[in-house]
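# Close look at the chain arrangement
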Amino acid sequence: MSSSPSGIAAPLGAAAAQPKSWAADFVMLAAIWGSSFLFMRISTVEFGPLPTAAVRVGIAALFLLPIVWLRGLLPDLKKNWKKIFFIGVLNSGIPFACFSFALLSITTGLSAILNATVPMFGALIAWLWLKDKPNASRILGLIVGFAGVAMLAWDKATFKPDASGVAPGWAVLACLFACICYGISASYTKRYLTGMPPLVTAAGSQIGATLGLALPAAWLWPAQMPGTQAWLALLAVGVVCTGLAYILFFRLIENAGPPRALSVTFLVPVFAVIYGVLFLGEHVTAWMVICAVVIVIGTALSTGLLKLGRKAEQQKKA
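Note that this is a predicted model, so its numbers are computed, not measured. (Residues numbered from 1 in each chain as written. Predicted model: local features only at pLDDT ≥ 70, side-chain atom pairs only at ≥ 80, totals over all residues. Heavy atoms only, no water.)

## Digging into the overall build of the protein
Short version of the rule: Starting at the N terminus, helices and strands are each numbered in turn, a helix being any DSSP run of H or I of at least four residues and a strand any DSSP run of E of at least two. Per-residue accessibility takes into account occlusion by the displayed protein chains alone, with areas from the Shrake-Rupley method and a 1.4 Å probe.
Counting its secondary structure elements, the protein contains 14 helices and zero strands. Secondary structure of the protein in N-to-C order comes out as α-α-α-α-α-α-α-α-α-α-α-α-α-α. Within the structure as shown, the protein displays about 14200 Å² of accessible surface, and the carbon and sulfur contribution to it stands at 70%.

The structure is reproduced here in structure tokens:
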């Protein structure tokens, strides 16, 4: 589960009417975030969940902060640091730790499918908080989406630890809690950080997440120094999947709006599953595919991207 760098953000609403202006960012972000599950899986085995998340956001902060300074955006960061740091803990620190924990027990494909519920939780939270009341089609989507999650979670409902020492049931709940955090942060960003340069939000959020995770990560730091592969995986997930990805994400929020930006999670599982099969030898079950389809349909309905009776409504208007 970032607006455009520095001065290249488009005016709100202008780019949203021109899909081509954000479509490339959309696909690129899905491909990048799909790989993050692979890199987190490799690193968390040796680092542990909290150190993995902390090093990831720390690397991203070190990568982004000099760019903010070179572009003369430090005053914007200083002026809004409290809100930006808070969004970092909510949108990066907690979710990254949750997914790192989950990947000890469940596959990258399954965790990415659960991650696809982010827009659904985002729609629900926007309804409760921003009073963005959904119509009947979107309410049906929430019901269908949560049914898909229940179907998928039921298959992993055991709370008995497996060989990894983590129960699959807790792993699934950790993923869903991360998705709730993403949904809250999207509404918070929309309400309090609209118009903020994307690079400032991306960099500041990673600094906030780093500060929030520093102490617990230091406390749980592995006794044995992780190997080169684990460090390289964290370098990749920190620079590419976090630093660059959050610039793209916040740019999508700015140019295409929160619902479209959050809907990138529909495409993320496709890449995550492909990477998992190719590089980790993971298997995709028919049940996972069925549940994924139900979740995507429900989320598409709940965010308004898919509408029931759309043709009928158009004919009435005509």
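After presenting the structure, the write-up continues.
## Brief notes about the packing of aromatic side chains
Let me state the cut-off plainly: What counts as a ring pair is set by centres within 6.5 Å for rings of Phe, Tyr and Trp (its six-membered ring), and what kind of pair is set by the plane angle: stacked under 30 degrees, edge-to-face over 60, tilted for all other angles. Whether a charge sits over a ring comes down to the Lys NZ or Arg CZ being within 6 Å of the ring centre and within 35 degrees of the ring normal.
In total, this model carries 16 aromatic pairs according to the counting rule given. Each residue in the set Trp33, Phe96, Tyr246 and Phe249 is aromatic and connected to the rest through ring pairs, giving one cluster. Lying over the aromatic face of phenylalanine 96, arginine 56 brings its terminal NZ or CZ to 3.6 Å of the ring centre.

## Looking at the environment of leucine 38
Put simply, the test is: In this description, contact between two residues means that some pair of their heavy atoms is separated by no more than 4.5 Å.
For leucine 38, the location among the structural elements is in helix 1 (residues 20-47). Not counting chain neighbours up to four residues away, the residues in contact with leucine 38 comprise Thr108, Tyr275, Phe279 and Leu280.

## Section: a nonpolar patch on the surface
For the record, the criterion: Only residues whose relative accessible area exceeds 30% and that take part in no salt bridge are eligible for patches, with like-charged residues grouped when within 9 Å of each other and nonpolar side chains (Val, Leu, Ile, Met, Phe, Trp, Tyr) grouped when within 5 Å. What counts as a salt bridge is simple: a side-chain nitrogen of Lys or Arg found within 4 Å of a carboxyl oxygen of Asp or Glu. To sort residues, take the accessible area from a 1.4 Å probe on protein chains only and compare it with the maximum for the residue type: under 20% means buried, over 50% means exposed, and anything in between is partly exposed.
A contiguous nonpolar patch, built from Val277, Val284, Val289, Val293, Ile297 and Leu306 and spanning about 440 Å² of accessible area, is present on the exposed surface. With three residues, helix 13 (residues 286-302) is the single largest residue contributor to the nonpolar patch. Relative to the assigned elements, valine 284 resides in the loop between helix 12 (268-280) and helix 13. Taking the relative accessible area as the measure of exposure, valine 284 reaches 39% and is therefore partly exposed.

## A closer look at the pattern of salt bridges
All chains considered together, the criterion is met by one salt bridge. The shortest N-O distance in the salt bridge between aspartate 25 and arginine 251 comes to 2.7 Å. In this pair, aspartate 25 is assigned in helix 1 and arginine 251 in helix 10 (residues 228-256), connecting sequence segments 226 residues apart. Of the two residues examined, aspartate 25 and arginine 251, each falls in the buried class.

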